[in-house]
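Inside the fold
One letter stands for each residue in the lines below.
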Amino acid sequence: MSAKVSRRGFLTAAGGAAAGAVAGAGLVAVAGDDDETPAAPPGTGRVAFDGAHQAGIITPAQDRLHFAAFDVVPGATRADLRELLAAWTGAARRMTAGLPARPLTANPAAPPADTGEAAGLPPARLTVTFGLGPGLFAAERFGLTARRPVRLAPLPALPADELDPARSGGDLAVQACADDPQVAFHAVRNLARIGRGVVVMRWSQLGFGRTSSTSSAQETPRNLMGFKDGTNNLTAEETDELRRHLWAAADEPAWMAGGTYLVARRIRMLIEVWDRASLDDQEATFGRRRASGAPLTGSRERDPVDLAAQGADGPLIPPGAHIRLAAPETNDGIRLLRRGYSFTDGFDAELGQLDAGLFFVSFQRDPQAFVRVQTRLGREDALNEYIKHVGSAVFAVPGGTRPGRPVAEQLFA
Amino acid sequence: MAVAGAAALTLAACGSEPDEEIAGAREVPVALTDAGCDPATLSIPAGPTTFVVRNEGTEQVRELEVLGGTRVLGEAYATSPGREGRLTLDLAPGRYTVNCPGGAETATGVLTVTGGTPARTATADADLAAATAGYTSYVEMQARELQRRVRRFATAIRAGDVPRAKELFAWSRAPFEKIEPVAESFGDLDPKIDARVNDVAEGDRWTGFHRIERGLWVDGSTEGLGRYADQLERDVDRLAERVQGLTYKPEELANGANGLLGEVSASKITGEEDRYSHTDLSDFEANVLGSQAAFGLLAPALRKRDPELAATISRRFDSVLAALEPYRRGDGFVSYDTVGEPERRRLSQQVDALAEPLSEVAGVLQR
């Protein structure tokens, strides 16, 4: 038997005296446009779902994240996958507008169509971004091989990787970002529920605080090491740079137009060790001042990073400094749009330490850009002493949707 | 409506999906005027009813609510002059309140629903009657089988035959697991038969299957178990007596089928149920079979209302039972402590995939 609290009162559960369905009228007002930037109706806390690109990429980074990777179950068909993406798109479009995931009915004998925890909460700038993993395009799965995105392949083994397969990979990705953690959780929970029978969750990650700015209007937040990292991130305002570094290339299949690639890395920080490092060591590790966020060659956060500047003992920004190795200047001009979140999953029982770190998310035109930068960081970054990459995944992110249409519609056309 | 007010408002204002109307509902027009509901006194026969609400005033009165007691059963909106809204309810005989908030004179009215036949098809009702009658005999049959098996189990214990008793343990409790939600409704009997050690309140005596299980597997002996065997026999006899002639409602079958899968998720997948013998997979199978039996009885009625849902559920029952097959050994299953975490997760996800559509059955049958 189950615990006493879960007793179901099988014989006493009375049927409702009345049951029925509300016959609603009117239309969902979903703002849609073909502008580069999804426009938010002012004052509503609502980010438009439809547009040339999916929301949640250059949308100014929200405070909270719930990310989930799913696998499509064996036996599911191409039609199942197409229907799932359509159902997910519809539910996501509704939830980002502050509506229940599915229309509610007044039938008390049925489980509510929406799980309910977001009822009465504003949309909190919720965005839901979908990604498709390399496995979906494998031969003999869904007949999608011919439409595989040109640059989609599992990431190669990278230096210093300590990946846990249970926290890596996946056929489908759902990135839900919002300013209210309950709103983000609600989105993932309801999509998982809708997908039951076609997909199973493979792994999931909550992020409690943004670590990136994707708009010049946003402050650079601090990561769990106490530093501002990513001051020189790509931002929504740099339209030409976004075209060069972020949005899918012209040789990609039609359904990727306006799309991009998402790389996710669960980076565990050994914060107990970090907390014992001297301030000098910490600043030399990042190449920035902790208090101001300024590069070691300046005094304010946005002062130029002068990689050539020399001090008494060599370069002011040390050879292994994170800022040097990640800089576009030392990576053939490569720029990524980073959109990461700090996480904690509570307690690491084995080590008796906090299980915390950075859930790194980057968007780029080509995942090889990430591979290139991370190969170098994995070998030389002074930060490696304090971090471990324990999860990894890559997804193709289809372009944006037209109002009422499903994501990646042309993939199945 | 029977959901949170805020969500209801959002829905009525913004729902764009097709109306989930009840087929064959009778239409009852109600006008919203600045005075309130017109008419404010309604008398209609029982059964599916669609209130067609039309705004014939200004924007002073914009909605109609139907309440049973203090509970809002549903709302219909007609927010501006000339607009229409609809609300469909399956009303049982009785007195209800209708509210047209904001009305100057008749903001509150009375709806009398008189005894009548709900406009359901006669065949579907016959299907449901057959289902509930079938479940009565299914439960009686499982209870008799439980008595027979427990008798053999108890005999082995009294004979001091530890290997034989261990062999019979999972087998003897399977009929109980098949009708567990019914057994659980007898709040006094269920703990006596099936409590786990942590379910026992301080000062109460721990008896039943799991007490014996601990003796057999942890102590490796039948010493002192005879009295528990005797009592178990008496308790299952009482259970068998009490289920005689019990009648069930269709939604109880549906909720029971659902509840059995909840049992699987809550205590079998986790290995908490049979923590000494690790025979959890036998209980798992019995729960699923019991759920499948209840569903199978409802299936003819369900197929008439939602054939696709019925087909999906049947298919997923097959998948769950097929997923158990690799673990079958002889009359039982492998010891559950040999089933690793990834395999447990796969089983759990298969059960979830079945439970999700199964949870919709009760609602569909109410339509």
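Here the structure is a predicted model, which is why all the values come from computation and not from measurement.

Calculation notes
- Per chain, the residues get numbers from 1 upward, laid out in the order the sequence is written.
- The lettering of chains begins at A and the numbering of ligands begins at 1, in the order of writing.
- Totals for whole chains, interfaces and linings use every residue, but because this is a predicted model, local features are given only for residues with pLDDT of at least 70 and side-chain atom pairs only at 80 or more, for both listing and counting.
- Hydrogens are left out, water is left out, and the side-chain values use all remaining heavy atoms of the structure.
- Numbering of helices and strands runs from the N terminus; a helix is a DSSP stretch of H or I covering at least four residues, while a strand is a stretch of E covering at least two.
- Note on classification: 1.4 Å probe, protein chains only; a residue is buried when its accessible area is under 20% of the maximum for its type, exposed when over 50%, partly exposed between these limits.
- Computed by Shrake-Rupley with a 1.4 Å probe, the accessible areas treat only the displayed protein chains as cover when residues are assessed.
- Expected helix span is taken as 1.5 Å per residue step, with the number of steps being one fewer than the number of residues.
- To get the bend at a residue, fit one axis to the 7 residues ending there and another to the 7 starting there, then take the angle between the axes.
- Cysteine sulfurs are considered disulfide-paired once they come within 2.5 Å of each other.
- Of the grid points, spaced at 1 Å and generated over the protein atoms alone, those admitting a 1.4 Å probe that cannot get out make up cavities, while open sets with protein on both sides within 12 Å along at least five of seven lines make up pockets; any residue with an atom within 4 Å of a point is treated as lining.
- Grid points are joined across faces, edges and corners, and a volume is the space filled by probe spheres set on the points.
- Under the convention adopted here, Pro, Cys and the residues Ala, Val, Leu, Ile, Met, Phe, Trp and Tyr are nonpolar, Asp, Glu, Lys and Arg are charged, and Gly plus all remaining residues are polar.
- Two strands pair under a simple rule: DSSP has to find at least two bridges between them.
- Throughout this description, the term salt bridge denotes a Lys or Arg side-chain nitrogen within 4 Å of a carboxyl oxygen of Asp or Glu.
- Note that domain bounds follow an automatic or database assignment of domains.
- Any pair of Phe, Tyr and Trp rings, taking the six-membered ring for Trp, is counted once the centres come within 6.5 Å. Such a pair is stacked with planes under 30 degrees apart, edge-to-face with planes over 60 apart, and tilted for the rest.
- A residue's pLDDT is simply how confident the predictor is in it, with values from 0 to 100.
- The contact criterion used is simple: two residues touch if any of their non-hydrogen atoms lie within 4.5 Å.
- Here an angle of 0 to 180 degrees is reported between the N-to-C directions of two axes, which are lines fitted to C-alpha atoms, with helices fitted over the stretch in contact.
- If an angle is under 35 degrees, it is roughly parallel; if it is over 145, roughly antiparallel; if it lies from 65 to 115, roughly perpendicular; otherwise it is oblique.
- For any helix crossing, the convention is left-handed if the near helix is rotated counterclockwise from the far helix by under a right angle, and right-handed if that rotation is clockwise.

Concerning the overall build of chain A
Within chain A, the secondary structure is distributed over seven helices and 13 strands. Put simply, chain A has 413 residues, and 55% of those count as buried. Here chain A has roughly 16300 Å² of accessible surface; of this, 53% comes from carbon and sulfur atoms.

Things to note about helix H9 (residues 280–305) of chain B
Each full turn of the α-helix corresponds to 3.6 residues, which orients residues three or four apart in the same direction. Between the first and last C-alpha of H9 of chain B there are 36 Å, a value that for 26 residues agrees with the 38 Å anticipated at 1.5 Å per step. In the structure, H9 of chain B departs most strongly from a straight axis at Ala299 of chain B, where the bend amounts to approximately 50° and where the proline Pro300 of chain B lies between one and four residues downstream.

A closer look at the state of the cysteines
Residues and elements named next belong to chain B. Under the defined criterion, the tally for this structure stands at one disulfide over all chains. Linked covalently through their sulfurs, Cys37 and Cys100 form a disulfide whose S-S length is 2.0 Å. Here the disulfide of Cys37 and Cys100 is right-handed, its torsion about the S-S bond being about 115°. Note that Cys37 is positioned in strand E2 (residues 36–38) and Cys100 in the loop between strand E8 (94–99) and strand E9 (108–114), a separation of 63 residues in sequence. Cys100 shares its class with Cys37; the two are buried.

Considering the layout of surface pockets
Residue and element names in this part refer to chain A. There is about 770 Å³ of room inside the second largest pocket. Secondary-structure elements contributing two or more residues to the lining of the second largest pocket are strand E7 (260–269), helix H6 (322–326), strand E12 (353–364), helix H7 (367–380) and strand E13 (387–397). For the lining of the second largest pocket, the element with the most residues is H7, which contributes four residues. Class assignment of the residues belonging to the lining of the second largest pocket gives a composition of 21 nonpolar, twelve polar and nine charged.

Focus: the pairing of strand E3 (residues 127–132) of chain A
All names here are of chain A. With six of six residues buried, E3 lies mostly within the body of the structure. Side chains of E3 alternate between two faces, with Thr127, Thr129 and Gly131 and Val128, Phe130 and Leu132 buried alike. Relative to strand E4 (residues 172–178), E3 runs antiparallel, the two sharing six bridges. Its bridge partner lying in E4, Leu132 is registered against Leu172.

Some points on the pairing of strand E11 (residues 341–348) of chain A
Two faces make up the sheet, and in a regular strand the side chains alternate between them. All names here are of chain A. Here two bridges tie strand E6 (residues 209–210) to E11, and the two strands are oriented antiparallel to one another. Each bridged residue has a counterpart across the sheet, and for Gly209 the counterpart in E11 is Ser342. Where E11 meets E12, six bridges bridge the pair, whose relative direction is antiparallel. By the bridge assignment, Phe347 is partnered in E12 with Leu354.

Comments concerning the pattern of salt bridges
Pairing between side chains becomes possible if they bear opposite charge and their charged atoms approach one another. Taken as a whole and judged by the stated rule, the model has 57 salt bridges over all chains. The partner of Asp345 of chain A in a salt bridge is Arg266 of chain A, with the nearest N and O atoms 2.7 Å apart. Here the residue Asp345 of chain A occupies a position in strand E11, and Arg266 of chain A occupies one in strand E7, the gap between them amounting to 79 residues. The class of Asp345 of chain A is partly exposed, set by a relative accessible area of 34%. Its relative accessible area of 4% is what places Arg266 of chain A among the buried residues. Among the ionic pairs, Glu27 of chain B bridges to Arg86 of chain B, the shortest N-O distance being 2.6 Å. Residue Glu27 of chain B is located in strand E1 (residues 26–33), and its partner Arg86 of chain B is located in strand E7 (residues 84–91); the two are separated by 59 residues in the primary sequence.

A few points about the domain arrangement of chain B
For an interface, size is often stated in terms of accessible area lost upon the parts coming together. Here chain B is described as being made up of domain 1 (9–114) and domain 2 (126–364). Between domain 1 of chain B and domain 2 of chain B, the C-alpha centre-to-centre distance is 45 Å.

Brief notes about the packing of aromatic side chains
A full pass over the atoms with the stated rule returns 19 aromatic pairs over all chains. Measuring from ring centre to ring centre gives 5.6 Å for Phe360 of chain A and Phe370 of chain A, while their planes differ by 40°; the resulting arrangement is tilted. With a gap of ten residues between them, Phe360 of chain A in strand E12 and Phe370 of chain A in helix H7 connect regions that are remote in the sequence. No difference in accessibility class separates Phe360 of chain A from Phe370 of chain A, as the two residues are buried. Between the aromatic rings of Phe169 of chain B and Trp217 of chain B, the centroid separation amounts to 5.4 Å while the plane-to-plane angle is 65°, which identifies the pairing as edge-to-face. Highlighted residues: Phe169 of chain B in helix H3 (residues 162–178) and Trp217 of chain B in helix H6 (residues 209–219), separated in sequence by 48 residues.

Let's talk about unusual backbone geometry
Backbone torsion omega between Asp38 of chain B and Pro39 of chain B reads 0°, so that peptide bond is classified as cis. Tracing the sequence through the fold places Pro39 of chain B in the loop between E2 and strand E3 (41–45). Even without being a glycine, Ala124 of chain A presents a positive backbone phi close to 55°. When you line up the elements, Ala124 of chain A lands in the loop between helix H1 (78–96) and E3.

Brief notes about the confidence of the model for chain B
All names here are of chain B. Per-residue confidence for chain B averages 86 on the pLDDT scale, and 90% of its residues sit at or above 70. Across residues 1–23, where pLDDT falls below 50, the model places 59 contacts with residues more than four positions away in sequence or in other chains. Here residues 118–122 scores under 50 on pLDDT; set against residues more than four positions off or in separate chains, the count is twelve contacts. In the predicted assembly, ipTM is 0.73 and pTM is 0.75.

Comments concerning the packing of helix H10 (residues 307–324) of chain B against helix H11 (residues 341–358) of chain B
All names here are of chain B. Running from N to C, H10 and H11 point in directions that differ by 160°, and their axes come no closer than 9 Å. With respect to each other, H10 and H11 are oriented roughly antiparallel. Between H10 and H11 the crossing geometry is left-handed. In contact with Leu309, Thr312, Ile313, Arg316, Phe317, Ser319, Val320 and Ala323 of H10, H11 contributes Leu347, Gln350, Val351, Ala353, Leu354, Pro357 and Leu358. In terms of residue class, the contact of H10 with H11 is made up of eleven nonpolar, three polar and one charged.

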